Protein chains: 2
Amino acid sequence: MEDATPTKVTLVDIARMAGVGVGTASRALSNAKNVAPATRARVLQVAEANHYVVSPEASRLAKGNTGRVALVVPHLSRWFFGSVVEGLDSVLRGADLDVLLYHVGDVRDRHEFFERLPARRKVDAVVVVGFQVEDIERARLETLGVHIVAAGGQTAAYPSVHIDDRIASRQAVDHLVHLGHKRIAMLEAVDPDQPHLPSTRSPGYHDALAAAGIAIDPTLVVSAPWGGEDGAASMSRLLGHPDPPTGVFAHSDEVALGAVRTLRRAGLEPGRDVSVVGIDDHPLAALSDLTTVRQRPAEQGVLAGRLLLDLLDGKAPTEASTTVPTELVVRGSTAPPRRP
Amino acid sequence: MEDATPTKVTLVDIARMAGVGVGTASRALSNAKNVAPATRARVLQVAEANHYVVSPEASRLAKGNTGRVALVVPHLSRWFFGSVVEGLDSVLRGADLDVLLYHVGDVRDRHEFFERLPARRKVDAVVVVGFQVEDIERARLETLGVHIVAAGGQTAAYPSVHIDDRIASRQAVDHLVHLGHKRIAMLEAVDPDQPHLPSTRSPGYHDALAAAGIAIDPTLVVSAPWGGEDGAASMSRLLGHPDPPTGVFAHSDEVALGAVRTLRRAGLEPGRDVSVVGIDDHPLAALSDLTTVRQRPAEQGVLAGRLLLDLLDGKAPTEASTTVPTELVVRGSTAPPRRP
DNA sequence: GAAGGTGTTGGAAACGCTTCCAGTTGGGAA
DNA sequence: TTCCCAACTGGAAGCGTTTCCAACACCTTC
């Protein structure tokens, strides 16, 4: 490349070269009205020829908005969160907004984020991805004075896009019930960072059992942190139960896969000896022949992105909160109980 | 919150309220030297009381840098990429840099990114995460005139952090060799978006077989796109082989898990009937009892982040390219062949 | 007591854009 | 022909910082 100079050409230069005033040059480039077509063409051509690009800082400073959106994301390395972000990114980029990423891995990160609010003055909106915002945090967030949207999470306080956890769990447990299972366990997952929050997927479990006239056996419900290893451990506990379950509903696919490993190691075949169902339809669920309830995180991201664009455009969103449907995906890990 | 006004207080206001000039106020806030301690304290206190925050746009405009870094990432929803980004994010945030995310899912996105270069003028550096930059793209990237770093990929043109694919594959195949396997297949993965690129993990396979004095059987090498379903399909093909392999080396854990599913469906038990080894140590590998070669993407992200900070500080990095070691993790999916 | 620091300060001049305002032009209506 | 209005245009005034420079005070040091 010959143009070693990192192109330090400004609007003034372009204007001069095109033989117009800066005002006109600016209007031409931002395709505003009141510019003669010929003039605009000339300016555009000169700009093109000189690889001119507006200085975002100057532009933003002058017009007052930032053209950026912050994404606050807890566990980026997990499929669900990554997918939501992918979806968000695609629509925001389409609208020429830049995406500022704030990964808040653990409580510490999170506290720091809400304490310092590094996004302050840097964005036009904030998207909270896949976690519940606590009250104190909410108060802090509000001081930003920007739009806030929740994607893939059930934060009631903001416009949001999410699945109905209660229905999803119900779909999973109903499936086990219809197969004829009576002793159905639940592997609950709690967020170690927010241990006080109730499991959002237990109500559906209760609903399904109640509807089937099956009494809840509290000893069949085990709680553990979110994660495969924890799921495996929980399953171990259940195997020690005097009257073990024939069906297991896991909070998520990852937890379910942990349970599957425990079963295999115990010489039990998932689907044949014990049925297991999860939630998510993680790509690896298909590879593990795991029955699950599918949610589409990328789609949730897309919808949340659109919602945000509407808010930024001043259009009140048609619905403050969108629920994305989930669907049961039957695979090999579930079957009628051995002794019905 | 009473302060409903989104705090439109500027440096000038602060200066006036503190009874100092704007210059002094600026110096005090940016803790530069040549400010009397008392004066600084006063300014800081006034700023604090009024929830003053500098306008990044104005600040950047005046000082000329952006304080931002762009991350160009192909498949955010995959564990590897998400993890690298997590690592990067943590160190960049620590240095008070903002992270701009550019997700380039497919060829189209990618072309568009390099064509439009939306990051132009918006960042001080670019990190390319986990993919190879082609020559034309490189030329485009260079026109940005900013630092470029590769994380988790083997782009030789830039300072980078990555594993040694050749060694990693060698570790995997050596393991199979040591167990006594003679017929060892390879499930190659090609990036559908860059089908012309040679597999980076084949050389190690060849090395290992050569070292063991095993002749390469080209019919035992199958190529397919990256992904579990493709791995499953490739494994199916191998099962139809007249003299099928007893050991399988898969390009990645995801591909390996696909192979495992095929084996199970064929009534074969991984580890007992056929050995399978992958690369990555994906969290779900442990849940599937998959033997693998571990790489630590988050660590790669962290190191790449540090590398970048050094570059931005003007310190020439001690080493332009860092290789992160990998290690064999033996689990249940590998064992000596049935008939040795 | 004069000369020369040193540490601190205020203010002006960038930084590169957008937008408002006033001016110019040309064409149609009266 | 005159007048008016619309379409265009140039330039100045911000936007909110940082930084440079001149000014000043107060000490030291000869």
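Residues numbered from 1 in each chain as written. Chains lettered and ligands numbered in written order. Predicted model: local features only at pLDDT ≥ 70, side-chain atom pairs only at ≥ 80, totals over all residues. Heavy atoms only, no water.

**Some remarks on the packing of aromatic side chains**
All names here are of chain A. Under the counting rule described, the total for this entry stands at six aromatic pairs over all chains. For the ring pair Phe113 and Phe114, a centre distance of 5.1 Å and an interplane angle of 90° mean the geometry is edge-to-face. With respect to burial, Phe113 and Phe114 carry one shared label: buried. Among the aromatic residues, those joined into a cluster by ring pairs are Tyr102, Phe113 and Phe114. For the cation-ring pair, Arg78 lies above Trp226, with the distance from its terminal atom to the ring centre recorded as 3.7 Å. (Phe/Tyr/Trp six-rings, centres within 6.5 Å; stacked < 30°, edge-to-face > 60°. Buried < 20%, exposed > 50% of the residue type's maximum accessible area, 1.4 Å probe, protein only. Lys NZ or Arg CZ within 6 Å of the ring centre and 35° of its normal.)

**With respect to the relation of the copies chain B and chain A**
For the match of chain B to chain A, the screw axis carries a shift of 0.1 Å, the RMSD comes to 0.2 Å, and the turn is 180°. Taken together, the turn and the small shift mark the pair as related by a two-fold rotation axis. A high fraction, 96%, of the interface residues of chain B reappear at the interface in chain A, so the copies pair face to face through one surface. (Least-squares fit on C-alpha atoms with pLDDT ≥ 70 in both. Contact = heavy atoms within 4.5 Å.)

**Some remarks on the nonpolar core**
Note that soluble globular proteins tend to have their nonpolar side chains buried in a common cluster. Within the largest apolar cluster, 74 residues are counted, with the highest numbers of intra-cluster contacts made by Phe249 of chain A together with Phe249 of chain B. Sequence-distant contacts of Phe249 of chain B, defined by excluding residues within four places in its chain, comprise Ser169, Ala172, Val173, Leu176, Ala185, Met186, Leu187, Arg201, Tyr205, Val277 and Ile279 of chain B. Grouped together as the second largest cluster of nonpolar side chains are 50 residues, Val73 and Leu88 of chain A together with Val85 and Ala125 of chain B included. (Core = buried A, V, L, I, M, F, W, Y, C linked by side-chain atoms within 4.5 Å.)

**Comments concerning the packing of helix H1 (residues 11-18) of chain B against helix H2 (residues 22-29) of chain B**
Residues and elements named next belong to chain B. Following both chains from N to C, one finds H1 and H2 inclined at 100°, their axes separated by 8 Å at the closest point. Relative to H2, the element H1 is oriented roughly perpendicular. Contact with H1, carried on its side by Leu11, Val12 and Ala15, involves Val22, Ala25, Ser26 and Leu29 of H2 and no other residues of that element. Residue composition of the contact of H1 with H2, by class: six nonpolar, one polar and no charged. (Axes fitted to C-alpha atoms, helices over the stretch in contact; angles between N-to-C directions. Helix = DSSP H or I, 4+ residues; strand = E, 2+ residues; numbered from the N terminus. Parallel < 35°, antiparallel > 145°, perpendicular 65-115°, else oblique. Nonpolar A, V, L, I, M, F, W, Y, C, P; charged D, E, K, R; others polar.)

**What to know about the environment of Pro37 of chain B**
Along the chain, Pro37 of chain B falls in helix H3 (residues 37-49). The spatial distance from the C-alpha of Pro37 of chain B to the C-alpha of Thr246 of chain B is 75 Å, given a sequence separation of 209 residues.

**As for the domain arrangement of chain A**
Residues and elements named next belong to chain A. Along its sequence, chain A is carved into domain 1 (11-63), domain 2 (68-163 + 297-324) and domain 3 (165-294). A C-alpha centroid distance of 29 Å is found between domain 2 and domain 3. Roughly 1,100 Å² is buried in total at the junction of domain 2 and domain 3, and carbon and sulfur atoms are behind 52% of that figure. Summed over the three residues of domain 2 that lose the most area to domain 3, namely Arg78, Trp79 and Ile163, the buried surface amounts to 48% of that side. For the interface between domain 2 and domain 3, the tally reads five residue pairs in polar contact (both at pLDDT 80 or more). Here the residues of the side of domain 2 that touches domain 3 are counted per class, giving three nonpolar, three polar and four charged. (Domains from an automatic or database assignment. Buried area = accessible area lost by both parts, 1.4 Å probe. Polar contact = N/O pair within 3.5 Å; in protein donor to acceptor, adjacent residues only side chain to side chain.)

**Observations concerning the environment of Pro74 of chain B**
Position of Pro74 of chain B relative to the elements: it lies in the loop between strand E1 (68-73) and helix H5 (79-94). Linking Pro74 of chain B and Ser202 of chain B, residues 128 residues apart in sequence, is a C-alpha distance of 22 Å. Apart from residues no more than four positions distant in its own chain, Pro74 of chain B is found in contact with Glu86 of chain A together with Phe81, His103, Val104, Gly105, Val129, Gly130 and Phe131 of chain B.

**What about the protein's contact with DNA strand C?**
In the vicinity of DNA strand C, 28 residues are found, and the nearest of them are Leu11, Ser26 and Tyr52 of chain A together with Gly21 and Thr39 of chain B. Protein-adjacent atoms of DNA strand C, using a 4 Å cutoff, are sugar or phosphate at a proportion of 64%. Between DNA strand C and Arg27 of chain B, the relevant distance is 3.1 Å, taken from a base nitrogen to a side-chain nitrogen or oxygen of the residue. Counting only elements with at least two residues in the surface near DNA strand C, the list comes to helix H2 (22-29) and helix H4 (56-63) of chain A together with H2 and helix H4 (56-63) of chain B. Among the elements that make up the surface near DNA strand C, the one with the highest residue count is H4 of chain A (five residues). In terms of residue class, the surface near DNA strand C is built from twelve nonpolar, eleven polar and five charged. (Near = heavy atom within 4 Å.)

**Overview of the interface of chain B and chain A**
In this assembly, 50 residues from chain B lie in contact with 49 residues from chain A. Together, the buried faces of chain B and chain A total about 4,800 Å²; carbon and sulfur atoms form 55% of this surface. The three residues of chain B that bury the most area against chain A are Glu57, Arg121 and Leu287 of chain B, which together make up 15% of that side's buried surface. Linking chain B with chain A are eight salt bridges, by the criterion used here. Elements with a minimum of two residues in the side of chain B that touches chain A: H4, H5, strand E2 (98-103), helix H10 (228-239), helix H11 (253-265) and helix H12 (283-287) of chain B. For the side of chain B that touches chain A, the leading source of residues is H5 of chain B, giving seven residues. Counted by class, the side of chain B that touches chain A contains 20 nonpolar, twelve polar and 18 charged residues. (Salt bridge = Lys/Arg side-chain N within 4 Å of Asp/Glu carboxyl O.)

**Remarks on the protein's contact with DNA strand D**
Near DNA strand D you find 29 residues, and of these Gly21 and Thr39 of chain A together with Leu11, Ser26 and Tyr52 of chain B are the closest. Protein-adjacent atoms of DNA strand D, using a 4 Å cutoff, are sugar or phosphate at a proportion of 62%. Note that a base nitrogen of DNA strand D is positioned 3.1 Å from one of the side-chain N or O atoms of Arg27 of chain A. Separating a phosphate oxygen of DNA strand D from a side-chain N or O atom of Tyr52 of chain B is a distance of 2.7 Å. Those elements that provide at least two residues to the surface near DNA strand D are H2 and H4 of chain A together with H2 and H4 of chain B. A total of five residues in the surface near DNA strand D trace back to one element, the largest contributor, which is H4 of chain B. When its residues are assigned to classes, the surface near DNA strand D shows 13 nonpolar, eleven polar and five charged.

**Remarks on the pairing of strand E6 (residues 184-190) of chain B**
Residues and elements named next belong to chain B. With six of seven residues buried, E6 lies mostly within the body of the structure. Pairing analysis gives four bridges linking E6 to strand E8 (residues 247-250), with the strands arranged parallel. Bridged to Met186 within E8 is Phe249. Examined bridge by bridge, E6 and strand E7 (residues 221-225) share five bridges and lie parallel to one another. If you follow Met186 over to E7, its bridge partner there is Val221. (Pairing = 2+ DSSP bridges.)

**What about the pattern of salt bridges?**
Residues and elements named next belong to chain A. In total, this model carries 48 salt bridges over all chains according to the counting rule given. Measuring nitrogen to oxygen at the nearest pair gives 3.8 Å for the salt bridge that ties Glu327 to Arg294. Taken together, the residues span a long stretch of sequence, with Glu327 in strand E12 (residues 327-329) and Arg294 in strand E10 (residues 291-294) at a distance of 33 residues. You can call Arg294 partly exposed: its relative accessible area is 23%. Taken together, the shared-partner salt bridges in this structure form one network comprising Asp281, Arg294, Arg296, Glu327 and Arg331.

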